[in-house]
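# Chains, contacts and geometry: an overview
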Amino acid sequence: MNDVAPGPASARVLVVDDDEGILRLARKSLERAGCRVFSSSNVAVARAIVEGDQPDLLVLDYQLECAETGLDFFRRLRREGVALPAILVTGFTDESRVIEALRAGISDVVPKSEGYLDYLPEAVERVLAQVRLQRASAEALLLRDREAHYRSLSETLPHLVFTSNARGECDFFSKQWYAYTGLDEAASRGLGWLDAVHADDREALRRNWLDAVRGDAADYRHELRIRGSDGRYRWFDMRIAPVRDARGGIAKWFASCTDIQSQREALDERERLLAAEQ
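Here's a quick rundown of the structure. Model, not experiment: these values are computed from the prediction.

### Brief notes about the nonpolar core
- Within the largest apolar cluster, 26 residues are counted, with the highest numbers of intra-cluster contacts made by Phe162, Trp193, Trp209, Ile226 and Met238.
- Mapped onto this core, the elements with two or more residues apiece are strand S6 (160-165), strand S7 (170-173), helix H6 (175-181), helix H8 (199-214), strand S8 (220-227), strand S9 (233-244) and strand S10 (250-259).
- The leading source of residues in this core is H8, at five residues.
- Other than its neighbours up to four places away in sequence, Ile226 contacts Leu160, Trp177, Tyr180, Thr181, Ala196, Arg232, Tyr233, Arg234, Phe236 and Cys257.
- Core analysis: the next-biggest nonpolar cluster, separate from the first, contains 24 residues, Ile49, Val50, Phe73 and Phe74 among them.

### Some thoughts on the environment of Leu194
- Examined against the element boundaries, Leu194 turns out to sit in the loop between helix H7 (185-188) and H8.
- With residues near it in sequence (within four places) discarded, Leu194 still touches Arg202, Leu205 and Arg206.

### A few points about the pattern of salt bridges
- This structure, assessed with the given rule, holds 20 salt bridges.
- Here Lys112 and Asp61 are joined by a salt bridge, their closest N and O atoms 3.2 Å apart. Of the two residues, Lys112 sits in the loop between strand S5 (108-111) and helix H5 (116-154) while Asp61 sits in strand S3 (residues 57-61), which places them 51 residues apart along the sequence.
- For Lys112, a relative accessible area of 29% translates into the label partly exposed.
- Classification of Asp61 as buried rests on a relative accessible area of 5%.
- The shortest N-O distance in the salt bridge between Glu68 and Arg76 comes to 2.8 Å.
- Exposure remark for Glu68: the relative accessible area of 17% places this residue in the buried category.
- You can call Arg76 partly exposed: its relative accessible area is 21%.
- Salt bridges linked by common partners bring Arg47, Glu51, Glu68, Arg76 and Glu80 together as one network.

### Concerning the environment of Val197
- Within the secondary structure layout, Val197 lies in the loop between H7 and H8.
- For the pair Val197 and Ile226, spaced 29 residues apart in sequence, the C-alpha separation works out to 4.6 Å.
- Discounting chain neighbours no more than four positions away, the residues touching Val197 are Arg202, Leu205, Leu224, Arg225 and Tyr233.

### Focus: the pairing of strand S1 (residues 12-16)
- Counted residue by residue, S1 has four buried out of five residues, so it is predominantly covered.
- What joins S1 to strand S2 (residues 36-40) is helix H1 (residues 20-32), and the crossover it makes is right-handed.
- Two elements, S1 and S3, share four bridges in a ladder whose sense is parallel. From the neighbouring strand, Val15 faces S3, where its bridge partner is Val59.

### Considerations on the state of the cysteines
- Counted under the stated rule, the structure contains zero disulfides.
- Not part of a disulfide, Cys257 finds its nearest cysteine sulfur in Cys170, a span of 9.4 Å.

### Section: the sheet that holds S7
- Here five strands make up an open sheet; going across it, the order is S7-S6-S10-S9-S8 and the pairing antiparallel. Bordering the open sheet on either side are S7 and S8, each of which pairs with just one other strand. The average undirected angle you get between the axes of adjacent strands in this sheet is 25 degrees.
- In terms of strand pairing, S6 meets S7 through three bridges, oriented antiparallel. Note that in S7 the partner of Phe162 across the bridge is Phe173.
- H8 contacts S6, S7, S8, S9 and S10 of the sheet and is inclined by roughly 145 degrees relative to S8.

### Topic: the pairing of S10
- Of all the ten residues making up S10, seven are buried; the element is thus mostly covered by neighbouring parts of the structure.
- Bridge count for S6 against S10 is six bridges, and the pairing is antiparallel. The residue of S10 that forms the bridge with Val161 is Ser256.
- Sheet topology places S9 next to S10; nine bridges connect them, and they run antiparallel. Looking at S10, one finds that Asp237 is bridged to Thr258.

About the criteria used
- Residues numbered from 1 in each chain as written.
- Predicted model: local features only at pLDDT ≥ 70, side-chain atom pairs only at ≥ 80, totals over all residues.
- Heavy atoms only, no water.
- Core = buried A, V, L, I, M, F, W, Y, C linked by side-chain atoms within 4.5 Å.
- Buried < 20%, exposed > 50% of the residue type's maximum accessible area, 1.4 Å probe, protein only.
- Helix = DSSP H or I, 4+ residues; strand = E, 2+ residues; numbered from the N terminus.
- Contact = heavy atoms within 4.5 Å.
- Salt bridge = Lys/Arg side-chain N within 4 Å of Asp/Glu carboxyl O.
- Right-handed = clockwise from strand over helix to strand, strands pointing away.
- Pairing = 2+ DSSP bridges.
- Disulfide = S-S within 2.5 Å.
- Axes fitted to C-alpha atoms, helices over the stretch in contact; angles between N-to-C directions.

Okay, here's the thing in structure tokens:
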């Protein structure tokens, strides 16, 4: 199913009703609102549509001309692992049945009164808006939990770790960063951390960093010198990787800087010896 609930102008709606006349009227009403409509008077056909066409929303008549009611059909889909929002259209006014439907997971119950088909597009939009809000809230919670995990993990690593938002503005630094650089949070946030980078590396890093995050890069790597609290510089291997949201977009960037001073010194010594032999 779609990860993001669409607006009514692009929604794919399946209407299940045993009255062919109502099906035609419901299709006409929803298509005027811009929906793409599938319809069926048979639950077996409706199940095949759910599987093949993957609608965004169900509109189910409660009373169908079979042993299974619209609510029974909805419950069966849930048992089979199909979690679609649904509107139940019904002629009953018994409050206990309405509560039963809502407890089963039905998003809205629409009375089958005169003129209800004119009201149906509004009900569809209200349910889809509710789904969009729920998914956005769930995604925000997931990102918050993931960010908390990364921050907790960073405290156990020997590297200098920081995160940034999707625009490349840094919003978190590990305690190792503060201990090594001597910078505080205010001085490090945003792009302030670049002040700890060697002047010869800073501008290229700033340009490459912003190009990487704005270009939706898969990852980025850069060797640079970072100033310690004692004023001396050490070489680090910086790697950044994106943290993606449910839609595949980049929500944050996770960066780690590994001390490679000893490797650089060994490389410089090797090059010195090779040059001396020539």
